[in-house]
Amino acid sequence: MRVKSLILVPAALALVLAARVGVAQIEGSGGGVAPVDSSSDYEVSGVAVDVAAKDADSARLGGWRIAQRKAWAQLSRRLGAGGGAVGDSTLDSIVTGIVVENEQIGPTRYVAKLGVLFDRDRASAILGISNYVLRSPPMVVIPLVWSGGVATGFEQRTLWQEAWARYRTGGSAIDYIRPSGSGPDPLLLNFGQTQRPGRGWWRTILDQYGGSDVLVPTVKLYRQWPGGPVIGVFQARQGPDNRVLSQFTLRVGSVGAIPALLDAGVKRLDETYQGALRAGYLRSDPGLSYVPPSEVPAVDDEVGESVVTDAPVAAAAPTIAISVQFDTPGVGAVTAGEGAMRAVPGVSSATTSSLALGGISVMSVGYAGDPAAFKAALEARGWQVFGSGTTLRIRRAPRLLPPDLAPDNATAG
């Protein structure tokens, strides 16, 4: 009896502790950090202005005007359009935001370094160029930071997660899916999960976020002494096997400059992932899209015996619910998307269940058949389809570009 009690008591304690740890991981996450901007706007950063005027407000407004003109000239030259000027009223209609990187405001003077965001469609129309962007399959991002010998993902709010949340990914060739760190994220996306190569569990997690693969950008912070220099070792990791694509080191002179260090690291890692995509190294793992065939029992009428076959059964297939994520820049895209789904044979209903104008909405589709057949039908109609099972992400297939506008010949931004 004593031996039995020694075995059962630790097991019960382990269950209680595990439950408490699970609750702590959810409640102690700090609410997470939502991405700041995922739009596809053109961005020109580091525009320096120095303006004097009769008062501070006039100087600041004048500085923003000058920043718009300078940024447009840089963007025009970068896209091969010659750097021609346009009127201030036109710039006001295509500028979607001013990013204040650093500013000093005096009574009659404004000195700042600014970033300017331009609407991609309108700017491309004025410049007379294609707004085509090469995009990867959707990738779920798990930013891991090592500090003091401890790896932290979404278990709590970190400066590394904040750096990825404020980075503007719209102009990148990588289709990032950036979780906010709330809800079940701390339990599903953590350091322990990145060390598990099992494709089955990874497929289940990625389906929850609509991703095709996973990216694990990692940074290890080494503080030389309290308040002193900080060294960051960055690694670009990818896939269930946690494969290292690249590694580099950055350094700042004080602890207060850590946010700037991490911002620079995010930009370098994004460039690394884009280079890997162009070189063909950033490919989705085939094991993540594999769906095991289901064995369907069928009855042979002649012999009256039950046999197992992989062939489809000639019977009316039940209607299943499929979640389809699609881009909705405007109201017209919602109507067009629902109409396109209803035109697919076998679809009985298509209704937008989660609307996000200017972002990604979710449509609930009723389909009588196998989800793989539905995916094939969408691809046959010119859609790019990512994901598997009953969670899919669709996007219109990119148009082919003339040779002079192909991504390999484009000027680097």
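Model, not experiment: these values are computed from the prediction. (Residues numbered from 1 in each chain as written. Predicted model: local features only at pLDDT ≥ 70, side-chain atom pairs only at ≥ 80, totals over all residues. Heavy atoms only, no water.)

Re the overall build of the protein chain
- A tally of helices and strands in the protein chain yields twelve helices and 17 strands.
- The buried share of the protein chain, reckoned over its 413 residues, is 38%.
- Long-range pairs, those at least 24 residues apart, make up 63% of the contacts in the protein chain with a sequence separation of at least 6.
- When the accessible surface of the protein chain is summed, it comes to about 21,700 Å², and 56% of that surface belongs to carbon and sulfur atoms. (Helix = DSSP H or I, 4+ residues; strand = E, 2+ residues; numbered from the N terminus. Buried < 20%, exposed > 50% of the residue type's maximum accessible area, 1.4 Å probe, protein only. Contact = heavy atoms within 4.5 Å. Areas by Shrake-Rupley, 256 points an atom, 1.4 Å probe, with all protein chains shown as cover.)

As for the packing of aromatic side chains
- On inspection of all chains with the given rule, the structure shows seven aromatic pairs.
- Ring centres of tryptophan 164 and tyrosine 176 lie 5.5 Å apart, and the angle between their planes is 65°; this geometry places the pair in the edge-to-face category. Remark: tyrosine 176 occurs in strand 7 (residues 176-177) and tryptophan 164 occurs in helix 5 (residues 159-166); sequence separation between them is twelve residues.
- Its relative accessible area of 9% is what places tyrosine 176 among the buried residues.
- It is lysine 220 that lies over the ring of tryptophan 146; its NZ or CZ is 5.3 Å from the centre.
- Just above the ring of phenylalanine 248 sits the side chain of arginine 268; from NZ or CZ to the centre is 4.1 Å. (Phe/Tyr/Trp six-rings, centres within 6.5 Å; stacked < 30°, edge-to-face > 60°. Lys NZ or Arg CZ within 6 Å of the ring centre and 35° of its normal.)

Some thoughts on helix 4 (residues 120-127)
- Within helix 4 the residues assigned to the buried category are Arg120, Ala123, Ser124 and Leu127. Buried residues of helix 4, viewed axially, fall in a sector of 100°; they line one side. Exposed side of helix 4, more than 90 degrees from the buried face: Asp121 and Ala125 are the residues found there.
- Buried positions along helix 4 lie against strand 1 (42-52), helix 2 (56-78) and strand 3 (109-118).
- Put simply, aspartate 119 is the residue that caps the front of helix 4, since its side-chain oxygen is 2.9 Å from the backbone nitrogen of arginine 122.
- Looking one or two places after helix 4, you find glycine 128, whose phi comes out positive at around 70°. (Arc of directions from axis to C-beta. Polar contact = N/O pair within 3.5 Å; in protein donor to acceptor, adjacent residues only side chain to side chain.)

Some points on the environment of proline 143
- Along the chain, proline 143 falls in the loop between strand 4 (139-141) and strand 5 (144-147).
- Classification of proline 143 as buried rests on a relative accessible area of 4%.
- Not counting the four nearest positions on each side in its chain, proline 143 is found in contact with Thr152, Gly153, Phe154, Trp160, Gln161, Trp164 and Pro217.

Considering the nonpolar core
- Counting 28 residues, the largest nonpolar core has Trp160, Ile174, Phe234, Leu262, Leu269, Tyr273 and Leu282 as its most contacted members.
- Of all the secondary structure elements, the ones that give two or more residues to this core are strand 4, helix 5, strand 8 (213-223), strand 9 (230-238), strand 10 (243-252) and helix 9 (258-279).
- Counting residues per element, this core draws most heavily on helix 9, at eight residues.
- In this structure, tryptophan 160 is in contact with Pro143, Leu144, Val145, Pro217, Thr218, Val219, Phe234, Leu262, Gly265, Val266 and Leu269, ignoring residues within four places of it in sequence.
- If you look at the next biggest cluster of nonpolar residues, it comprises 19 residues, including Ala67, Ile94, Val116 and Ala123. (Core = buried A, V, L, I, M, F, W, Y, C linked by side-chain atoms within 4.5 Å.)

Section: the confidence of the model for the protein chain
- Averaged over the protein chain, the pLDDT score is 79; the fraction of residues at 70 or greater is 78%.
- For the stretch residues 1-29, pLDDT sits under 50, and the model shows 16 contacts to residues farther than four places along the chain or on other chains.
- Counting contacts from residues 405-413, a segment whose pLDDT is below 50, to residues more than four positions away or on other chains yields nine contacts. (pLDDT = per-residue confidence, 0-100.)

A look at the sheet that holds strand 1
- Taken in spatial order, the three strands line up as 1-3-2 in an open sheet, and their pairing is antiparallel. What marks the edges here is a single partner per strand, and that holds for strand 1 and strand 2 (95-105). When strand polarity is set aside, the average angle formed by the axes of neighbouring strands in this sheet is 25°.
- The sheet contact formed by strand 1 and strand 3 spans nine bridges and is antiparallel. When the sheet's bridge partners are listed, alanine 52 is paired in strand 3 with arginine 109.
- Its contacts with the sheet put helix 2 on strand 1, strand 2 and strand 3, and the angle it makes with strand 1 is roughly 140°. (Pairing = 2+ DSSP bridges. Axes fitted to C-alpha atoms, helices over the stretch in contact; angles between N-to-C directions.)

So, the sheet that holds strand 15 (residues 359-368)
- The five strands lie next to each other as 14-15-13-17-16, forming an open sheet whose pairing is mixed. With partners counted over all chains shown, the strands left at the sheet margins are strand 14 (347-354) and strand 16 (383-388), one partner each. Shown here is a sheet whose adjacent strand axes are inclined to one another by a mean of 25°, direction ignored.
- Strand direction decides the pairing type here: strand 13 (residues 319-328) and strand 15, joined by ten bridges, are antiparallel.

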